[in-house]
Amino acid sequence: MRSRNPVFSRRGFSRDNGYAGFNAAPQAGGPAVATQANPYAQGAQGNPYAQPSAGNPYAGNPYAQPDQQFGVPPQAPATTGRMTMDDVVIRTASTLGVLVVTAALAWALLPVDDANIGRSYGIGIGAALIGMVLALVQSFKRKPTPALILSYAAFEGVFLGVVSSVVDNRIADGAAMQAVIGTMAVFAGVLIAYKAGWIRVNRRFYGFVMAAALGFVLLMMVNLLFAVFGGGDGLGFRSGALGVVFGVIGIILGACFLALDFKQVEDGLAYGAPREEAWFAAFGLTLTLVWIYLEFLRLIAILNSSD
């Protein structure tokens, strides 16, 4: 059974078996692919993509062509409807492209001067709430819906455009570009570290990240409640020196989620996930990058407001 947690859900995680690939390394074409740890395994119980063969994972492939001349097992053609790295890149680029375009439009069309900041900020908060609802709906769905994912990116972009404009124009000049550069640097650094094997995503890593993220989110929710009902900065988790510390922790957690996203993509490719799963990868990467960007933007705002 896959995780139904709308906040921390990542395709490839399972409440019963942990993360896909933690229990066994994939072996292309071999019986080890059909292990309990592989959510796309051939013949796995409850797997909607399973094939009815126990030994040969390609025996039930309707595209396979037997080679009678040499007596070799059926071989699948190059195009089998499985997820590829190109699928992940294209769908992630499309999702981020929609987000960037709507953020740029919000920045240009929603001024944040004294006369209009209230209206613009209200539109941005409304877009954020709609985006959150769309993200929750997609998180509860077993299959990806591209329209939902792209709509989430569009509304989230409006929110990011307004917030970035407010911070850049009223708190710290150039903050938005600094946050973008910081997000790109974290993405590149985690990708290099992951490919080099410096970051090993296993059950222990997954459990630590989930526990830390849950505690972080709960603390931020408590701080928000104190700020709403008590006024000021709440418990001070988002201002001053303590705000800087929590900002750094938020960025580190975002980097850990990136490693989990990379593991998800790697396992999907190794286990032959359906092509539609590329949309889940794009959705997860977009959520993580938005998290990291907002943490950078908040950290820059705190550092500049304390000058």
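Residues numbered from 1 in each chain as written. Predicted model: local features only at pLDDT ≥ 70, side-chain atom pairs only at ≥ 80, totals over all residues. Heavy atoms only, no water.

## Structural notes on the overall build of the protein chain
- What the protein chain contains, in helices and strands, is seven helices and four strands.
- Order of helices (α) and strands (β) in the protein chain, N terminus to C terminus: β-β-β-β-α-α-α-α-α-α-α.
- In the protein chain, buried positions account for 44% of the 307 residues.
- Excluding contacts between residues fewer than 6 apart, the proportion of contacts in the protein chain whose partners are at least 24 apart in sequence is 70%.
- About 15,600 Å² of surface is accessible on the protein chain, with carbon and sulfur atoms providing 65% of the total. (Helix = DSSP H or I, 4+ residues; strand = E, 2+ residues; numbered from the N terminus. Buried < 20%, exposed > 50% of the residue type's maximum accessible area, 1.4 Å probe, protein only. Contact = heavy atoms within 4.5 Å. Areas by Shrake-Rupley, 256 points an atom, 1.4 Å probe, with all protein chains shown as cover.)

## Looking at the packing of aromatic side chains
- Tallied over the entire structure, the rule returns six aromatic pairs.
- With a centroid separation of 5.5 Å and 80° between ring planes, the pair formed by Phe 187 and Phe 262 is classed as edge-to-face. Taken together, the positions of Phe 187 in helix H4 (residues 175-195) and Phe 262 in helix H6 (residues 240-270) put the pair 75 residues apart, joining distant regions of the chain.
- One aromatic cluster is present, built from ring pairs that chain together Phe 216, Phe 246, Phe 257 and Trp 291. (Phe/Tyr/Trp six-rings, centres within 6.5 Å; stacked < 30°, edge-to-face > 60°.)

## As for the nonpolar core
- Counting residues in each nonpolar core, the largest one holds 45 residues, and the members touching the most others are Val 186 and Leu 258.
- Where this core is concerned, the elements lending two or more residues are helix H2 (117-140), helix H3 (146-170), H4, helix H5 (203-230), H6 and helix H7 (277-305).
- The element that contributes the greatest number of residues to this core is H7, accounting for 13 residues.
- Beyond its immediate stretch of four places on either side in the chain, Val 186 contacts Ile 251, Ala 255, Leu 258, Ile 292 and Phe 296.
- Formed by seven residues, the second largest nonpolar core is a distinct cluster that contains Leu 110, Ala 127, Val 158 and Val 166. (Core = buried A, V, L, I, M, F, W, Y, C linked by side-chain atoms within 4.5 Å.)

## Focus: helix H1 (residues 85-109)
- Helix length check: H1, at 25 residues, gives a terminal C-alpha distance of 36 Å against a target of 36 Å (1.5 Å per residue), a fit within 8%.
- All of the buried residues along H1 are Asp 87, Val 88, Arg 91, Thr 92, Thr 95, Leu 99, Thr 102, Ala 103 and Ala 106. (Expected span 1.5 Å × (residues − 1).)

## Considering the side chain of Asn 223
- As for its placement among the helices and strands, Asn 223 is situated in helix H5.
- Residue Asn 223 is classed as buried on the basis of its relative accessible area of 5%.
- Non-local contacts of Asn 223, meaning those with residues more than four positions away in its chain, are made with Asp 233, Gly 234, Leu 235, Gly 236, Phe 237 and Arg 238.

## Observations concerning the environment of Leu 109
- By the element assignment, Leu 109 lies in helix H1.
- Residue classification places Leu 109 among the exposed positions, given a relative accessible area of 62%.
- The sequence separation of Leu 109 and Val 162 amounts to 53 residues, and the corresponding C-alpha distance is 9.5 Å.

## Here we look at a nonpolar patch on the surface
- Judged by side-chain polarity, Tyr 121, Ile 125, Leu 129, Met 132, Leu 136 and Phe 140 come together as a nonpolar surface patch covering roughly 540 Å² of accessible area.
- The exposure class of Ile 125 is partly exposed, given its relative accessible area of 36%. (Patch = residues over 30% accessible without salt bridge, like charges linked within 9 Å, V, L, I, M, F, W, Y side chains within 5 Å. Salt bridge = Lys/Arg side-chain N within 4 Å of Asp/Glu carboxyl O.)

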